[in-house]
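One-letter residues, chain by chain:
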Amino acid sequence: MYLDIYKNGNKHYIRISETKRIFSTEKNKMIVKKTTIKNIGPVDKFDDGQSNFIQRLRDSFDAGLPIIKELEPYVNKKQPKEVYNFRILAGTNECVGEPKLFACSLFDYILEEIGLRSYIGSYKQYDGISYDVLGFIKLLLYGRILNPQSKIATVRQNDNYYTNLLDEGAYEYNVFDTLDFVYKHRKAFFNRIDTHMRKKFGRTTNKIYYDVTNFFFEIDNPDVEIDEDGNETETGIRFCGVSKEHSPNPIVQMGLLMDEQGFPISIECFKGNTLDHLTMQKSFNNSIDSINNSRYIFVSDKGIGKGDNPKYAVANGNGYIVSKSIRGTTKKEKKWILSDDDWKLTTETFKIKSKIYEKVFKLEDGTEIKTSEKIVTYWSKKYYERDYIAQKSYYDFLNRLINEPNSFRITKIQSGKLNKYFKKELTNKNTGEIINSNDLKAMLDMDKLKEDFDLLGYYSIVTSETEMDDEEIISTYRNLSKIEDEFRVMKTALETKPLYVRTEEHIIAHLTLCTISLLILRIIQNQIKLKHPELKKDDTKYTFGLSTDRIKTALLKWQVEKLADEYYRFNNINDKDLSMILDSFDLKIQKKLYSKLELRQMKSNMKISM
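Per-chain numbering applies: the sequence of each chain, read as written, is numbered from 1 onward. Selection of residues for local features in this predicted model requires a pLDDT of at least 70, selection of side-chain atom pairs for listing and counting requires 80 or more, and totals for whole chains, interfaces and linings are taken over all residues. The side-chain values count all of the structure's non-hydrogen atoms but skip hydrogen atoms and water molecules.

Caption draft 1: Main features of the overall build of the chain. Counting secondary structure elements, the chain contains 19 helices and 17 strands. Expressed as lengths along the three principal axes of its C-alpha atoms, the size of the chain is roughly 125 × 75 × 55 Å. Partly exposed describes any residue whose relative accessible area lies between the buried limit of under 20% and the exposed limit of over 50%, with all areas from a 1.4 Å probe on protein chains only and scaled to the type maximum. Buried residues in the chain amount to 47% of all 610 residues. A 1.4 Å probe and the Shrake-Rupley method give the accessible areas. Residues count as covered only by the protein chains that appear here. Of the roughly 33,000 Å² that the chain leaves accessible, carbon and sulfur atoms contribute 46%. Under this rule, positive means Lys or Arg and negative means Asp or Glu; His and the chain ends count for nothing. We put the charge of a Lys on NZ, of an Arg on CZ, of an Asp on CG and of a Glu on CD. Positive and negative charge centroids in the chain, built from 96 and 89 side chains respectively, lie 7 Å apart. Every helix listed is a DSSP run of H or I at least four residues long, and every strand listed is a run of E at least two residues long, numbered separately from the N terminus.

Next up, the structure:
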């Protein structure tokens with residue numbers, strides 16, 4: 001169909017016509033036949049009085065947007081492709097490509113959704129801050145995800161983004177003032193985020209997961225000053241402790257709280273020499289108990305679940321699910337674990353048993369809380385094989401010692417490793433050394449060695465939730481592995497360590513910002529899972545939708561470059577991972593050139609799924 005304007009007498013008329021090629025039997029060949037589809041009427045009936053009406057009418061019809069409504073049913077619904085006409089002069093900047101990162105638009109959108117953008121803007125005015133604190137925070141958050149560097153180097157990334165995140169002419173050393181701002185408002189940050197996460201992302205905290213890691217510094221000495229009299233004074237939180245990376249340098253301890261969806265809730269920082277289990281109560285008191293009025297279940301491993309932490313949870317009306325050491329438990333309990341009694345679910349690869357008993361917690365004021373506790377023990381063939389492989393070389397070593405004791409020379413260090421298998425009455429308590437290797441076989445406690453081997457693959461969990469199904473208890477505890485992945489991402493993709501900031505305030509601010517960057521990544525991963533349910537849930541590499549490394553790589557490819565006449569072109573939008581990310585936020589990028597206005601409007605088209 002096409003717009004046909006024809007003249008009849010002294011008037012021009014409008015009609016919709018169609019031509020077809022048909023075979024004429026009279027002429028014995030193909031001919032073109034014209035057919036009138038609809039007579040619209042005389043031109044002067046629709047003329048708007050402006051110049052070139054007929055030409056404008058033709059152009060509007062061809063473009064699919066006719067200037068008279070009577071033509072609308074007949075326009076070609078398929079829009080003609082736009083043609084771009086512009087000139088690029090040799091020697092101008094347009095001749096050289098300078099792609100800019102466009103991922104900032106997605107990060108901006110997420111920052112608004114978690115409530116931080118508006119909060120920072122309002123408190124900048126409240127605190128009387130003159131510098132662009134929001135711009136500095138954006139640079140620190142986004143740079144941590146895309147290109148982790150030092151604070152000053154991150155500020156200098158400002159020009160890498162499509163739109164500058166920081167005001168032009170900003171004083172770059174205000175980045176350290178920004179760390180002071182973050183430290184001051186860190187609790188309010190996490191509270192604000194928590195409110196928005198519950199409303200917009202479906203956060204639930206019936207179960208709260210907790211674990212501790214640490215980060216080392218590239219310094220030799222801890223935060224201790226020695227006065228002229230030799231007295232030591234602690235001046236910070238960088239102290240030597242048990243480093244997860246086995247670093248001899250001073251470290252800082254960080255406790256992380258995580259919700260049921262795998263989103264970080266908040267963090268607390270402690271001196272590097274603080275034991276893991278001594279961080280729990282302060283972390284929950286500062287981060288959870290002050291904002292969460294509903295009952296929750298504290299979930300953690302045996303290292304943190306020991307001591308008074310279960311008592312703290314119960315005394316405050318909450319619950320706990322924590323692992324328990326099997327090898328460190330009583331002989332009576334080990335006998336129950338290894339017995340054939342009470343197994344409820346038994347297969348060749350998995351079995352489970354549980355029992356409930358009375359538990360008494362003694363409070364500081366001398367009163368007691370009498371309650372019940374359940375222990376759930378399970379054996380997994382997969383875990384047995386994993387444990388056996390991990391210990392195989394050591395067990396082979398012991399077997400050789402038993403069968404060929406004369407062929408070994410045992411050092412004091414080696415004897416120390418064997419100490420747990422020595423019969424106490426035969427151990428030299430003063431030195432711990434084995435003097436005569438011929439006596440080694442007699443000295444080994446074979447019953448204890450057999451028990452240790454028999455316990456491979458067994459795990460125990462204790463909980464206040466006596467009514468909870470055994471398998472649900474195990475499933476809940478296994479989700480704690482997600483928090484280990486949080487730490488892994490912080491230490492690898494986000495390059496949180498080693499830390500180069502010095503003061504306690506800046507250390508805590510740095511870790512706070514890294515945690516928020518982690519949250520942004522987790523939100524992106526969660527969107528991918530929601531929009532792409534076809535990803536295998538049982539495949540570990542899809543636990544979080546896409547790995548953080550793949551997300552980082554894809555977002556670094558999401559670039560836009562300016563051409564002539566204020567036209568902009570996107571790069572790499574056919575990248576598979578990038579397409580998946582954009583689709584997860586309902587963002588469709590067409591193969592066209594964009595104006596500045598269209599780029600600004602793109603953020604308004606993004607959507608969060610729940």
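Caption draft 2: Structural view of the side chain of Lys334. Secondary-structure assignment places Lys334 in helix 9 (residues 331-338). A relative accessible area of 11% places Lys334 in the buried class. At 3.1 Å, the side chain of Lys334 and the side chain of Glu451 are in polar contact. Only heavy atoms matter for contacts: two residues are in contact if any of them lie within 4.5 Å across the pair. When near neighbours in sequence (up to four residues on either side) are disregarded, Lys334 contacts Ile326, Arg327, Thr329, Glu451 and Leu455. Whenever two N or O atoms come within 3.5 Å, that pair is a polar contact, provided that in protein one can donate a hydrogen and the other can accept it, and provided that, for residues adjacent in sequence, both atoms are side-chain atoms.

Caption draft 3: Up close: the pairing of strand 12 (residues 343-346). The pairing of strand 12 with strand 13 (residues 350-362) spans three bridges and is antiparallel. Counterpart to Trp343 in the pairing with strand 13 is Lys353. Strands were regarded as paired on the criterion that DSSP finds at least two bridges between them. Here strand 12 hands over to strand 13 after three residues, the two strands then running antiparallel side by side.

Caption draft 4: A look at a negative patch on the surface. On the surface, a cluster of negative charge is contributed by Asp177, Asp180, Glu504 and Glu505. Listed by contribution, the elements that provide at least two residues to the negative patch are helix 6 (174-200) and helix 16 (504-531). Counting through the fold element by element, Glu505 comes out in helix 16. Exposure above 30% relative accessible area and the absence of a salt bridge qualify a residue for a patch, where like charges join within 9 Å and nonpolar side chains (Val, Leu, Ile, Met, Phe, Trp, Tyr) within 5 Å. The term salt bridge refers to a pairing of a side-chain nitrogen on Lys or Arg with a carboxyl oxygen on Asp or Glu at a separation within 4 Å.

Caption draft 5: Representation of the pattern of salt bridges within the structure. Considering all chains together, one arrives at 41 salt bridges under this definition. Close ionic contact of Lys392 with Asp396 constitutes a salt bridge, the shortest N to O distance being 2.9 Å. One end of the pair, Lys392, and the other, Asp396, are both in helix 10 (residues 381-403), four residues apart, so they sit about a helical turn from each other. Linked through salt bridges whose partners overlap, the residues forming this network are Asp194, Arg198, Arg203 and Asp259.

Caption draft 6: Expanded view of the sheet that holds strand 17 (residues 568-571). The strand order across the open sheet formed by three strands is 4-16-17, and the pairing between neighbours is antiparallel. Only two strands of the sheet have a single neighbouring strand rather than two, namely strand 4 (100-101) and strand 17. Note: strand 4 against strand 16 (residues 559-562), two bridges, orientation antiparallel. If you follow Lys100 over to strand 16, its bridge partner there is Val560.

Caption draft 7: Quick look at the nonpolar core. The term nonpolar core refers to a set of buried residues drawn from Ala, Val, Leu, Ile, Met, Phe, Trp, Tyr and Cys, joined through side-chain atoms within 4.5 Å. Residues Ile114, Ile524, Leu555, Trp558 and Phe570 are the most contacted members of the largest nonpolar core, which totals 108 residues. Examining the composition of this core, we find that 14 residues originate from one element, helix 16, more than from any other. Residues in contact with Ile524, not counting those within four places in the same chain, are Leu106, Phe107, Ile110, Ile551, Leu555, Ile581 and Phe585. If you look at the next biggest cluster of nonpolar residues, it comprises 26 residues, including Phe270, Tyr312, Trp379 and Val462.

Caption draft 8: Representation of unusual backbone geometry in the model. Cis geometry is adopted by the peptide bond preceding Pro498, which originates at Lys497 and carries an omega value of -5°. With respect to the secondary-structure elements, Pro498 resides in the loop between helix 15 (481-491) and helix 16. Positive phi, close to 50°, is recorded for Glu495, a residue that is not glycine. One can find Glu495 in the loop between helix 15 and helix 16. Residue classification places Glu495 among the partly exposed residues on the basis of a relative accessible area of 39%. Not every positive phi belongs to a glycine, and Asp586 is a case in point at roughly 55°. If you trace the backbone, Asp586 turns up in the loop between helix 18 (576-584) and helix 19 (596-601).

Caption draft 9: A look at the environment of Gln125. In this fold, Gln125 is placed in helix 3 (residues 116-126). What makes Gln125 exposed here is its relative accessible area of 68%. Sequence separation of Gln125 and Glu561 is 436 residues, and the distance between their C-alpha atoms is 34 Å.

Caption draft 10: View of the side chain of Ser17. Mapped onto the secondary structure, Ser17 falls in strand 2 (residues 11-24). For Ser17, the side chain forms a polar contact with the side chain of Asp4, separated by 3.1 Å. With sequence-adjacent residues up to four places away left out, Ser17 is seen in contact with Met1, Tyr2, Asp4, Lys34, Thr35, Thr36 and Ile37.

Caption draft 11: Spatial organisation of the environment of Ile145. Topologically, Ile145 is positioned in helix 4 (residues 133-146). Each C-alpha atom of the pair Ile145 and His196 lies 21 Å from the other, and the pair is 51 residues apart in sequence. Leave out the neighbours within four places in its chain, and Ile145 touches Phe107, Leu494, Ser517, Ile520, Leu521 and Lys552.

Caption draft 12: Quick look at the pairing of strand 16. Here four bridges tie strand 16 to strand 17, and the two strands are oriented antiparallel to one another. Of the residues in strand 17, the one forming a bridge with Val560 is Phe570. Following strand 16, the chain reverses through five residues before pairing antiparallel with strand 17; Asp565 in that reversal takes a positive phi of roughly 55°.

Caption draft 13: Representation of the packing of helix 2 (residues 103-113) against helix 16. A fitted line through C-alpha atoms represents every axis, and for helices the fit uses only the stretch in contact; the resulting angles, taken between N-to-C directions, go from 0 to 180 degrees. Their axes nearest at 11 Å, the elements helix 2 and helix 16 cross at an angle of 100°. The angle between helix 2 and helix 16 places the two elements in the roughly perpendicular class. For the pair formed by helix 2 and helix 16, the contact residues are Leu106, Phe107 and Ile110 on the first element and Ile520, Ile523 and Ile524 on the second. For classification purposes, angles smaller than 35 degrees are called roughly parallel, those larger than 145 roughly antiparallel, those between 65 and 115 roughly perpendicular, and all remaining angles oblique.

Caption draft 14: Examining the packing of aromatic side chains more closely. Here is the rule: rings of Phe, Tyr and Trp (six-membered ring for Trp) pair when centre to centre is within 6.5 Å. Planes less than 30 degrees apart are stacked, more than 60 are edge-to-face, and the remainder are tilted. One pass over the structure, following the stated rule, counts 29 aromatic pairs. Aromatic side chains Tyr384 and Tyr388 sit 6.3 Å apart centroid to centroid with 20° between the ring planes, which places their arrangement in the stacked category. With Tyr384 and Tyr388 both in helix 10, this residue pair falls four residues apart, about one helical turn. By relative accessible area, Tyr384 is classed as partly exposed at 26%. Among the aromatic side chains, those forming a connected cluster through ring pairs are Phe102, Tyr162, Trp558, Tyr568, Phe570 and Tyr594. In this scheme, the term charge over a ring applies when either NZ of a lysine or CZ of an arginine sits within 6 Å of the ring centre and within 35 degrees of the ring normal. A cation over a ring is seen here: Lys353 above Trp343, with NZ or CZ 4.3 Å from the ring centre.

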